[in-house]
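What the coordinates show
Chain by chain, the residues run as shown.
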Amino acid sequence: MTEKTIFHRIRDKEIPASIVYEDDEVLAFKDIHPKAPTHLLFIAKKDEDFVPSIDDLTEETAHVPGLLIRKAQKFAQEHGITGYQLKFHVGKGGGQEVFYLHLHFLSEQKLADD
Ligand code: AMP
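Everything in this summary refers to the structure shown in the same document.

Let's talk about the side chain of His 104
- As for its position among the elements, His 104 is in strand 5 (residues 103-107).
- Reaching out from His 104, the side chain makes a polar contact with the side chain of His 39 at a distance of 2.8 Å.
- Not counting chain neighbours up to four residues away, the residues in contact with His 104 comprise Asp 31, His 39, Leu 40, Leu 41, Gln 85, Leu 86, Lys 87 and His 89.

Have a look at this one:
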């Protein structure tokens, strides 16, 4: 594999992050520079699900955005968050800085623990 991104290193627990959700498929953590009261990032964990950007999706990885969206939806329901935005930044021109596909989850509602 080419060099690890910062999100590989968060996934592999080489650097700390404020993890709010984890299962076998997905990890969600707080964005370090939040743009809303709740700003989370959802990433797929499995190496076979790794894709740098929406622009790099293939038939093999086409399920990954749906996986991230489904986990975000479940997370919101479980935390009583009823309004939120989901975003993918695509490519440098689209504001993407980290080339490990991630779903931004933004809400004006705070998590109960925050
Ligand atoms: P994007 O512009 O879509 O690539 O978004 C990357 C996001 O990752 C930005 O909102 C950053 O604030 C966030 N970010 C960068 N480094 C970290 C980190 N170590 N922990 C949490 N979030 C990070």
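Some details on the site of the ligand
- By nearness alone, 16 residues border the ligand, and Asp 31, Gly 95, Glu 97, His 102 and His 104 come closest of all.
- Measuring from an oxygen atom of the ligand, one finds a backbone N or O atom of Gly 95 at 2.7 Å.
- Separating an oxygen atom of the ligand from a backbone N or O atom of Glu 97 is a distance of 2.6 Å.
- About the coverage of the ligand: the protein hides 89% of its 500 Å² of free accessible area.
- Broken down by class, the residue content of the shell around the ligand amounts to seven nonpolar, six polar and three charged.

A word on the layout of surface pockets
- Within this model, the largest pocket holds a volume of roughly 480 Å³.
- Surrounding the largest pocket, 24 residues form its lining, Phe 7, Asp 31, Ile 32, Leu 41 and Glu 97 being those nearest its centre.
- For the lining of the largest pocket, the secondary structure elements donating two or more residues are helix 1 (6-11), strand 2 (26-30), strand 3 (38-44) and strand 5.
- The element contributing the most residues to the lining of the largest pocket is helix 1, with three residues.

Rules used in this analysis
- Residues numbered from 1 in each chain as written.
- Predicted model: local features only at pLDDT ≥ 70, side-chain atom pairs only at ≥ 80, totals over all residues.
- Heavy atoms only, no water.
- Helix = DSSP H or I, 4+ residues; strand = E, 2+ residues; numbered from the N terminus.
- Polar contact = N/O pair within 3.5 Å; in protein donor to acceptor, adjacent residues only side chain to side chain.
- Contact = heavy atoms within 4.5 Å.
- Near = heavy atom within 4 Å.
- Areas by Shrake-Rupley, 256 points an atom, 1.4 Å probe, with all protein chains shown as cover.
- Nonpolar A, V, L, I, M, F, W, Y, C, P; charged D, E, K, R; others polar.
- 1 Å grid on protein atoms, 1.4 Å probe; cavity = no way out; pocket = protein on both sides within 12 Å on 5 of 7 lines; lining within 4 Å.
- Points joined across faces, edges and corners; volume = space filled by probe spheres on them.

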